[in-house]
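What the coordinates show
Residues per chain are reported as follows:
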Amino acid sequence: MKRLILSALALLSLMSAWAQDAYVPSESNLAAREKFEDNRFGVFIHWGIYSMFAQGEWYLQEGGLNAAEYAKAAGGFYPASFDAREWVKAIKASGARYICFTSRHHDGFSMFDTAVSDYDMIDSTPFKRDIIAELAQACREEGIALNFYYSLADWTREDYPVGKTGHNTGRKGNAQDYDSYFSFMKAQLAELLTKYGDIGAIWFDGFWDHDSDPVPFDWRLPELYSHIHSINPACLIGNNHHRAVFPGEDFQMFERDLPGGSGWSKGREISNLPLEMCQTMNGMWGYKIADQNYMSSGELVRLLVRAVSKGSNLLINVGPQPDGNLPQAAVARLAEMGEWMNVNGESVYGCGAAGVPEKDWGVATAKDDKVYLHVFDVPENGIISVPLSELAGVFGQKPRWKKIKAELLGGAAVKPEVRDGNLVVTLGQLSPSADHVVRLSF
Ligand code: JFZ
């Protein structure tokens, strides 16, 4: 009996330990999640000293370079045209409502003034300007939220326990010490969260560097996450680990694929946290001179809308040039997306899945008691239809269909009809657009 009581007590204390550990998002965090979801459209920026080589952000690894030689590029990093306000204005003009910026990528170079390393903007470049401070101020002035990409993996530090990548960078490798590296990361994250105003999210990457270790590697993520939440409970945490979400995370990300897609997210469980898909406009994240293969602005609009129709944000990447300018090709696309967003933004912001499966002509999004039909391809007869049953999720089982209104955003009212259990909308001839949006409401 005594044994039984003791083991019951042990079980209880174990359970309460779990309960204590379990992450409970703060009210402010839940509000931040909502805002993050409402924003729906963000711009990713990959910028670092790798941009100088114009070969993408993986060049240190892919080029088989020695890190000490590579680091000399910092001595010439003087992005004379860098103007944070200009960047933020170009991004804002697209309709994007937030930016995610690479504070430190796998090459280990910090784009901000960090006290825990000299391999940063202030101590290693002639430019000596804190890029992140300038960006944060411009974002504040323009009302754009700012998130930070932060790499867990590091290809240059001696204390980083070497994983799958970063083997040929000339590290001695005899000082690998995760405790030391972990304190370094905690110190940097504290700087990022306290010196630059209110930061929306930390976007982790690099987990995959240790995902196939023979002995499972412990990144001590719960400790890292609670470190962040103890500094700013509202700060959202996401991690590009390509797995189902871990405890302590506040949003789930999908790289180069929609949630439920058939690419890199194939088979991955979709959480009920806010979702964010990230994608490049061309092929690479960091500036790559030979990569001019950009999606058109129409394709980008459709990608954004598809993401929203799956209940996800889109984080679309831009890789600034070494001189500090955004590539003209990217600026042009941002401007064109903005033209579409100016008219149709209400079908994106605050919207989510409508419960209407994809059609030959396009997809649907919804907000409150409105459904937005996104017509990518107007059928030849100018008519689209949706089974009434698919609209029940938003309008209920038996709405008074006679009273339904259909309007083309930025255009005229169109007449909806109910025929054989379908809502039929006759669009007729329309001027070309990547996406004609029909708002359905009562
Ligand atoms: C990562 C970064 O490596 C890349 O440079 C960029 O920042 C992107 C947004 O995120 O991309 C990945 C992520 C996962 C793997 C490889 C690259 N992986 O699982 O092998």
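Definitions and cut-offs
Residues numbered from 1 in each chain as written. Predicted model: local features only at pLDDT ≥ 70, side-chain atom pairs only at ≥ 80, totals over all residues. Heavy atoms only, no water. Domains from an automatic or database assignment. Buried area = accessible area lost by both parts, 1.4 Å probe. Salt bridge = Lys/Arg side-chain N within 4 Å of Asp/Glu carboxyl O. Polar contact = N/O pair within 3.5 Å; in protein donor to acceptor, adjacent residues only side chain to side chain. Helix = DSSP H or I, 4+ residues; strand = E, 2+ residues; numbered from the N terminus. Near = heavy atom within 4 Å. Nonpolar A, V, L, I, M, F, W, Y, C, P; charged D, E, K, R; others polar. Expected span 1.5 Å × (residues − 1). Buried < 20%, exposed > 50% of the residue type's maximum accessible area, 1.4 Å probe, protein only. Contact = heavy atoms within 4.5 Å.

**Topic: the domain arrangement of the chain**
Taken domain by domain, the chain holds domain 1 (2-351) and domain 2 (354-441). Here the C-alpha centroids of domain 1 and domain 2 sit 36 Å apart. Summing both sides of the interface, domain 1 and domain 2 together bury roughly 1,400 Å²; the carbon and sulfur share of this comes to 55%. Broken down residue by residue, the surface that domain 1 buries against domain 2 is led by R302, R306 and E346, which jointly contribute 38%. Across the contact surface, domain 1 and domain 2 share three salt bridges. R439 is paired through a salt bridge with E346; the nearest N and O atoms lie 2.8 Å apart. At the boundary of domain 1 and domain 2, one finds nine residue pairs in polar contact (both at pLDDT 80 or more). Of all the elements in the fold, those that place two or more residues in the side of domain 1 that touches domain 2 are α10 (297-309) and α11 (328-344).

**What to know about the site of the ligand**
Around the ligand sit 14 residues in total, of which H46, E57, W58, H105 and H106 are the nearest. Side-chain polar atom of E57 to an oxygen atom of the ligand: 2.4 Å apart, as the coordinates give it. Partitioned by chemical class, the residues of the shell around the ligand number six nonpolar, five polar and three charged.

**What about α11?**
Here α11 spans 24 Å end to end across 17 residues, near enough to the 24 Å set by a 1.5 Å rise per residue. Inspection of α11 places A330, R333, L334, M337, G338, W340, M341 and N344 among the buried residues, and these make up the whole buried set. Next to the buried residues of α11 lie β1 (41-45), α5 (84-92), α10, β8 (312-318), β11 (370-375) and β17 (436-441).

**Things to note about the pattern of salt bridges**
As a working rule, side chains carrying opposite charge can pair if their charged atoms are close by. Using the criterion set out here, one finds 18 salt bridges in the structure. One salt bridge in this structure joins R85 and E141, with 2.9 Å as the shortest N-O distance. On the criterion of sequence distance, the pair formed by R85 in helix α5 and E141 in helix α7 (residues 131-142) is long-range, its members being 56 residues apart. For R85, a relative accessible area of 39% puts it in the partly exposed group. Between D154 and R104 there is a salt bridge, and its shortest N-O distance comes to 2.8 Å. Of this pair, D154 sits in the loop between β3 (145-151) and α8 (178-194) while R104 sits in strand β2 (residues 98-104), and the two are 50 residues apart along the sequence. We classify D154 as buried; its relative accessible area is 0%. Ionic contacts of the salt-bridge type, sharing partners, join the residues D179, K186, R220 and E223 into one network.

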